[in-house]
Amino acid sequence: MTDTNDAAELVRQSKLIPALQKAALTDGQGICTSCHHDVFTTAGTDRCEHVHRQAQGIEPSNAPAPTAVADVADVAHPRPHGWEVLANVEDFLARFVVYPGADERLAHVLWIGHTWFMDAWESTPRIAFLSPEPGSGKSRALEVTEPLVPNPIHAVNATPAYLFRKVSDPEGRPTILFDEIDTVFGPKAKDNEDLRGLLNAGHRKGAMAGRCVIRGKEVCTEELPAYAAVALAGLDDLPDTLMTRSVVVRMRRRKPGETVEPWRLRTCGADAQVIHDQLSEWADSVSHLAGASWPEMPEGVEDRDADVWEALLAVADMAGGRWPEKARAAATRLVAKSKKRPPSLGVLLLRDIRSAFSGSDQKLATEDLLDKLTAMDEAPWSDLRGKPLDSRGLARHLSKYGVASKNLRIGGRVCRGYDAGDFTDPWDRYLPAPQSPDNSATSATPLQTEPPKRSGVADVADLPDHGGDPATDHRTCQVCGEPLISSDPNVTTHPNCEPQEAATYTAPCTGSPLPTPPPSPPRDPRKDNEQTSPPPRTHQPKAALQMGHRPSHPRRPRRPSHPGLLRPCP
């Protein structure tokens, strides 16, 4: 760096000033050699205005500058725009990592960009690279992220005390890259409550961790900040408290046709350093814009999802170009995809209970509800930690949603059970609206809630109206006894009901024919449902039974033995 006059002379001798003068003839055209903004915009500093004036010949070349003039090397290699910097980051990441889709790659780029403006955000999202199997590129994603973010810490099995003090380091807030996070939140993880608190609460600016420190004979309190950008990588899923604060990237193993470049820091570090410098310079030039205005959220991104994407969309707006449009489209799709993740056990229970109540039964006994739950295919209720769901476990799970069993009268008996009306509020809050029959894939075959009708015989409720003719109303078939529908008063049977031939009765002693018994009266369908109660049984005292007395049952009537009472054969 030379003094001011020598630097201005070098700029003039480099033959770049005529090009600047030609570009600056029209307002709004031409690029400043210092900040690379438009010549006549108000975004330039005093130093930029000084260069503008020298380029137009308005200010003499030997006039003192407020600050040092840029070197010739800086003029020859202008800083790229924000959209160009993010495009370079995206191309660099695509060389070494295979993402599930373009949306996940774009979210990773924006997350790297947001780490350069940590002081401007109210909350920082986590980005979680998760996969069901190892060898899916999770650790590689953290490795290529490390040279692109400020103050990276690649933590593996780090202690909470180390991370807390690194976050509060006066030299600068770190960017934590935590690999093998399943060792912290997995089923075998123990004694990691402090680390879990750091990851859960550190997304919000101003979060502090209180500690007691002994200095000599005094016990002092200190507050350690927990706010820091964190990238995670591990197997399976994370707790819901962390999943809802993260942009989740579901990594997968590469297919045979998917190839990437091998990552070696000794060979790829130079390219990464160039992009690192571009991100740093761009962040310095637009740092005054970060946090000045909050981005507009797309439809469907709200509440906790808005907290996650707020900083990422702000980075896209500062970059310009097509990044604002691409970022909002990616946010909408990724948020919709995150809603399809497997529900919690409590939400799954509410969903299956709604299916159990989908019929006409609005009250179910606890035993009946448990039978329906355990009979569902692919449901976990028949095997919860080796045992089926019981009434106590059901009550414990439902108590979190304000639902409890109560005494109900079901089928003439009083028992403990659940009413569908008590589930209305939890269903509305935690479950999506049930699909209407018009939009259902099986709308052509609706659920049959009534028993099927008997084939060949019309139901009484479906009989047509014949105008109230007494000749055709309330008639029954003389053969089957079912309702008869005919306008002809002479018809007494159905077409398919043919009367049987009269049987001939003969006397067993002489073989002579006997008179045909009269036909039985037609059956009345209205009396079919009447139940005849059996005759009451005579109560026998217990003492009588013990002493051997025979119970006094009603005796059969004796057969008459007088010959005159017998009917002789004709």
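Residues numbered from 1 in each chain as written. Predicted model: local features only at pLDDT ≥ 70, side-chain atom pairs only at ≥ 80, totals over all residues. Heavy atoms only, no water.

Engineer: Is there a simple way to explain the overall build of the protein chain in this structure?
Structural biologist: Helices and strands together make up the secondary structure of the protein chain, namely 19 helices and 12 strands. When burial is assessed residue by residue, the protein chain has 35% of its 570 residues classed as buried. Considering only intrachain contacts with a sequence separation of at least 6, the fraction spanning at least 24 residues in the protein chain is 61%. Total accessible area on the protein chain stands at roughly 36,500 Å², and carbon and sulfur atoms take up 51% of it. (Helix = DSSP H or I, 4+ residues; strand = E, 2+ residues; numbered from the N terminus. Buried < 20%, exposed > 50% of the residue type's maximum accessible area, 1.4 Å probe, protein only. Contact = heavy atoms within 4.5 Å. Areas by Shrake-Rupley, 256 points an atom, 1.4 Å probe, with all protein chains shown as cover.)

Engineer: What is the right way to look at the packing of helix α6 (residues 102-114) against helix α13 (residues 304-319) in this model?
Structural biologist: Two quantities define a packed helix pair, namely the angle between the helix axes and the distance between the axes. Put simply, α6 and α13 touch, their axes get as near as 9 Å, and they point 85° apart. Taken together, the axes of α6 and α13 lie roughly perpendicular to each other. In this structure, α6 uses Ala107, Leu110, Trp111, Gly113 and His114 to contact α13, whose residues at the interface are Trp309, Ala311, Leu312, Val315 and Ala316. Of the residues assigned to the contact of α6 with α13, the class counts are 8 nonpolar, 2 polar and no charged. (Axes fitted to C-alpha atoms, helices over the stretch in contact; angles between N-to-C directions. Parallel < 35°, antiparallel > 145°, perpendicular 65-115°, else oblique. Nonpolar A, V, L, I, M, F, W, Y, C, P; charged D, E, K, R; others polar.)

Engineer: Before we go on, may I ask you to explain the sheet that holds strand β6 (residues 229-235) in this structure?
Structural biologist: Hydrogen bonds between backbone atoms are what pair the strands of a sheet, whose relative direction is either parallel or antiparallel. Reading across from one edge, β2-β3-β6-β1-β7 is the order of the 5 strands in this open sheet, with parallel pairing throughout. Every other strand in the sheet has two partners, leaving β2 (152-155) and β7 (246-250) as the edge strands with one partner each. Across this sheet, the average inter-strand angle for adjacent strands is 15°, counted without regard to direction. Strand direction decides the pairing type here: strand β3 (residues 175-178) and β6, joined by 4 bridges, are parallel. (Pairing = 2+ DSSP bridges.)

Engineer: What exactly am I supposed to notice about the layout of surface pockets here?
Structural biologist: Each pocket or cavity is described by its volume, and for the largest pocket that value is around 1,200 Å³. Taken together, 35 residues make up the lining of the largest pocket; nearest its centre are Ser338, Lys339, Lys340, Arg341 and Pro342. Those elements giving two or more residues to the lining of the largest pocket turn out to be α11 (240-243), β7, α13, α14 (323-338), α15 (345-356) and α18 (424-430). Its residues placed into classes, the lining of the largest pocket shows 16 nonpolar, 4 polar and 15 charged. (1 Å grid on protein atoms, 1.4 Å probe; cavity = no way out; pocket = protein on both sides within 12 Å on 5 of 7 lines; lining within 4 Å. Points joined across faces, edges and corners; volume = space filled by probe spheres on them.)

Engineer: When you look at the pairing of strand β5 (residues 218-225) in this model, what are you seeing that I'm missing?
Structural biologist: If a strand is regular, its side chains alternate between the two faces of the sheet. Pairing of strand β4 (residues 208-215) with β5, which is carried by 8 bridges, proceeds in the antiparallel orientation. Bridge pairing links Ile214 to Val219 in β5. Count of turn residues in the β4/β5 antiparallel hairpin: 2 residues, of which Gly216 carries a positive phi of about 70°.

Engineer: I would appreciate a short explanation of a positive patch on the surface in the present structure.
Structural biologist: On the surface, Arg385, Arg392, Arg396 and Lys400 cluster together into a patch of positive charge. With respect to the helices and strands, Arg392 occurs in helix α17 (residues 391-399). The exposed category is assigned to Arg392, whose relative accessible area is 67%. (Patch = residues over 30% accessible without salt bridge, like charges linked within 9 Å, V, L, I, M, F, W, Y side chains within 5 Å. Salt bridge = Lys/Arg side-chain N within 4 Å of Asp/Glu carboxyl O. Lys, Arg positive; Asp, Glu negative; His and termini not counted. Charge placed at Lys NZ, Arg CZ, Asp CG, Glu CD.)

Engineer: Would you take a moment to explain the pattern of salt bridges for this structure?
Structural biologist: Between side chains of opposite charge, a pair can form when the charged atoms approach closely. Using the criterion set out here, one finds 15 salt bridges in the structure. With a closest N to O distance of 3.5 Å, Arg95 and Asp271 form a salt bridge. Here the residue Arg95 occupies a position in the loop between α5 (82-94) and α6, and Asp271 occupies one in helix α12 (residues 265-286), the gap between them amounting to 176 residues. Between Arg333 and Asp103 there is a salt bridge, with the nearest N and O atoms lying 2.7 Å from each other. Here Arg333 is found in helix α14, whereas its partner Asp103 is found in helix α6, with 230 residues between them in sequence. With relative accessibility at 15%, the residue Asp103 sits in the buried group. Residues joined by salt bridges that share partners form a network here, namely Arg95, Glu261 and Asp271.

Engineer: Got a minute to help me understand the sheet that holds strand β9 (residues 406-410) in this structure?
Structural biologist: Taking strand neighbours across the sheet as the criterion, the 3 strands line up as β8-β10-β9 in an open arrangement whose pairing is antiparallel. Edge positions in the sheet fall to β8 (363-365) and β9, since each has one partner strand and no second. Geometrically, the sheet is characterised by an average inter-axis angle of 65° between neighbouring strands, direction not taken into account. Two elements, β8 and strand β10 (residues 413-419), share 3 bridges in a ladder whose sense is antiparallel. In the sheet register, Lys363 faces β10, and the bridge partner there is Asp419.

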